[in-house]
Amino acid sequence: MDRSSRIYVAGHRGLVGGAILRRLQREGFERIIARTHAELDLTSQDAVRRFFDEERPEYVFLAAAKVGGILANATYPADFIRENLLIQTNVIDAAYRAGARKLLFLGSSCIYPKHAPQPMKEEHLLTGPLEPTNEAYAVAKIAGITMVKSYRRQYGFNGISLMPTNLYGPGDNFDLETSHVLPALIRKFHEAKVAGAPSVTIWGTGRPRREFLHVDDLADACLFLMQNYDDEEIVNVGVGEDVSIAELAALIARIVGYEGEIVYDTSKPDGTPRKLLDVSRLSALGWRARIGLEEGIASTYEWYLANVAQ
Ligand code: GFB
């Protein structure tokens, strides 16, 4: 990839695509291609093929996806499997047909079995049953991984697949029904502080453990692997450390400055008990995350205050 390469970022208005776009712009890439949802419907095969035939991108970052937290995944599984299968199938196939040099596909750590050994290695894929709350999303992502691998095997198409852990950062979704836990807790503690509320309710038992990667670190890993990795094996992208949801809540409360009580609503699901990625494959390639959790949450809270908070 050089400064004059034609680079398409699918999903540039989302958390991940937005971070990749910012990073490419900062590095001085001159021919970045992006389309809003209104300009290009990625679930339409015709529209996607026409777009690729006209624009002929050389490099494709496939960051467009329907994503959401535990409740959104459990409530709308049909939307999650349908939209993700359509988007990724259309984009991967059109990129190959239009002669793209390389495509980077983004999966998720939820592709691994619910009870995979921890930390989860790339070879744990398809070794056991999935977590039911996000099975539809995970099956779509696993189909994407297999499609990328199959296009490499059958057509020699240079696609690679990255499995990021739970992500957060500027541009995240802060809607309390559909978001992931970290932005939800930033909002809940902020609003409780402003309102002087005596307690904040969070979902589940607080015992599940999650690993959190700042999206700017993910964007860095995406550029690194786009330039330095050409293999069919998937690559985990994480920080190699996790926290319990209760620990996360305490940390966010401290950063936001909320001193009230934390109450657990155990009628809400916990989901996977633990999701920690083994990042030794990526470390061996020479990459590591740089943004610490406390620093990352503090800057995301700043972004929330400037862009979302009323
Ligand atoms: O981030 P999250 O929605 O997704 O939830 P998953 C993580 C944990 O935080 C769960 C708890 O145990 C939740 O019950 N939690 C506590 C909360 N309070 C809240 C809250 O206010 N909002 C939310 N959202 N959670 C997702 C998958 O799983 O992870 C997706 O559904 C995707 O498929 C994503 O893979 C990375 O980590 O459980």
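Residues numbered from 1 in each chain as written. Predicted model: local features only at pLDDT ≥ 70, side-chain atom pairs only at ≥ 80, totals over all residues. Heavy atoms only, no water.

Colleague: For the overall build of the protein, give the residues involved together with the corresponding values.
Modeller: Secondary structure assignment for the protein yields 10 helices and 13 strands. Relative to the globule expectation of 19 Å for 310 residues, the C-alpha radius of gyration of the protein, 19 Å, shows essentially globular dimensions. Projected onto its principal axes, the C-alpha positions of the protein cover 60 × 40 × 40 Å. In the protein, which comprises 310 residues, the share counted as buried stands at 52%. For the protein, long-range pairs separated by at least 24 residues make up 82% of all intrachain contacts whose partners lie at least 6 apart in sequence. Put simply, the protein shows about 13700 Å² of open surface, and 47% of that area lies on carbon and sulfur atoms. In the protein, which carries 35 positive and 40 negative side-chain charges, the distance between the mean positions of the two groups comes to 3 Å. (Helix = DSSP H or I, 4+ residues; strand = E, 2+ residues; numbered from the N terminus. Rg over C-alpha atoms; globule rule 2.2 N^0.38 Å. Buried < 20%, exposed > 50% of the residue type's maximum accessible area, 1.4 Å probe, protein only. Contact = heavy atoms within 4.5 Å. Areas by Shrake-Rupley, 256 points an atom, 1.4 Å probe, with all protein chains shown as cover. Lys, Arg positive; Asp, Glu negative; His and termini not counted. Charge placed at Lys NZ, Arg CZ, Asp CG, Glu CD.)

Colleague: Before we move on, could you go through the site of the ligand and cite the residues and values that matter?
Modeller: Neighbouring the ligand are 22 residues; Ile70, Lys188, Arg210, Pro269 and Asp270 lie closest to it. Measuring from an oxygen atom of the ligand, one finds a backbone N or O atom of Pro269 at 2.7 Å. The contact in question runs from an oxygen atom of the ligand to an N or O atom on the side chain of Lys275, over 3.1 Å. In the complex, 97% of the free accessible area of the ligand, which totals 700 Å², lies under the protein chains. (Near = heavy atom within 4 Å. Polar contact = N/O pair within 3.5 Å; in protein donor to acceptor, adjacent residues only side chain to side chain.)

Colleague: Go over the sheet that holds strand S11 (residues 243-244), please, and point to the residues and values.
Modeller: Strands belonging to one sheet form pairs held by backbone hydrogen bonds; the direction of such a pair is parallel or antiparallel. Overall, mixed pairing links the 3 strands, which are arranged S11-S8-S13 in an open sheet. This sheet does not close on itself; its edge strands, each paired only once, are S11 and strand S13 (274-275). With 2 bridges joining them, strand S8 (residues 209-210) and S13 adopt parallel strand pairing. The residue of S13 that forms the bridge with Arg210 is Lys275. (Pairing = 2+ DSSP bridges.)

Colleague: Describe the packing of aromatic side chains, with residues and values.
Modeller: Counted under the stated rule, the structure contains 12 aromatic pairs. Between Tyr96 and Phe157 the ring centres are 5.9 Å apart and the planes differ by 70 degrees, which places this aromatic pair in the edge-to-face class. With Tyr96 in helix H4 (residues 77-97) and Phe157 in the loop between helix H5 (135-155) and strand S5 (159-164), the pair connects residues that are 61 residues apart, well separated along the chain. Seen from their ring centres, Phe174 and Tyr304 are 4.9 Å apart, and the 40 degrees between their planes marks the pair as tilted. A residue pair is termed long-range when its members are at least 10 positions apart, and Phe174 in the loop between strand S6 (166-168) and helix H6 (181-195) and Tyr304 in helix H10 (residues 293-307) qualify at 130 residues. Each member of the pair, Phe174 together with Tyr304, is buried. Taken together, Tyr96, Tyr151, Tyr155 and Phe157 form an aromatic cluster joined through their ring pairs. Here the guanidinium or amino end of Arg3 rests over the ring plane of Phe29, the centre of that ring lying 4.5 Å away. (Phe/Tyr/Trp six-rings, centres within 6.5 Å; stacked < 30°, edge-to-face > 60°. Lys NZ or Arg CZ within 6 Å of the ring centre and 35° of its normal.)

Colleague: Tell me about the environment of Ile145, residues and numbers included.
Modeller: Along the chain, Ile145 turns up in helix H5. Among the residues examined, Ile145 registers a relative accessible area of 5% and is labelled buried. Ile145 sits 123 residues away from Arg22 along the chain, and the two C-alpha atoms are 25 Å apart.

Colleague: Explain the nonpolar core to me, and be specific about the residues and the numbers.
Modeller: Membership of the largest hydrophobic core comes to 42 residues, with the highest contact counts inside it found for Tyr8, Leu42, Phe52, Val91, Leu103 and Tyr112. Only strand S1 (6-10), helix H2 (45-55), strand S3 (59-62), H4, strand S4 (102-106) and H5 provide two or more residues apiece to this core. Among the elements that line this core, the one with the most residues is H5, at 7 residues. Not counting chain neighbours up to four residues away, the residues in contact with Tyr112 comprise Met120, Lys121, Glu122, His124, Leu125, Leu130, Met163, Ile234, Asn236 and Leu277. (Core = buried A, V, L, I, M, F, W, Y, C linked by side-chain atoms within 4.5 Å.)

Colleague: Tell me about the pairing of S4, and name the residues and values.
Modeller: Burial within S4 is extensive, with 5 of its 5 residues counted as buried. Burial along S4 is two-sided: the residues Lys102, Leu104 and Leu106 and Leu103 and Phe105 are all buried. Across 4 bridges, S3 lies against S4 in parallel orientation. The residue of S4 that forms the bridge with Phe61 is Leu104. Of the strand pairs in this sheet, S4 and S5 are connected by 4 bridges, and their pairing is parallel. Following the sheet pairing, Leu103 is matched in S5 by Gly159. Crossover S4 to S5 through H5 is right-handed. (Right-handed = clockwise from strand over helix to strand, strands pointing away.)

That's the geometry; what it means functionally is another story.
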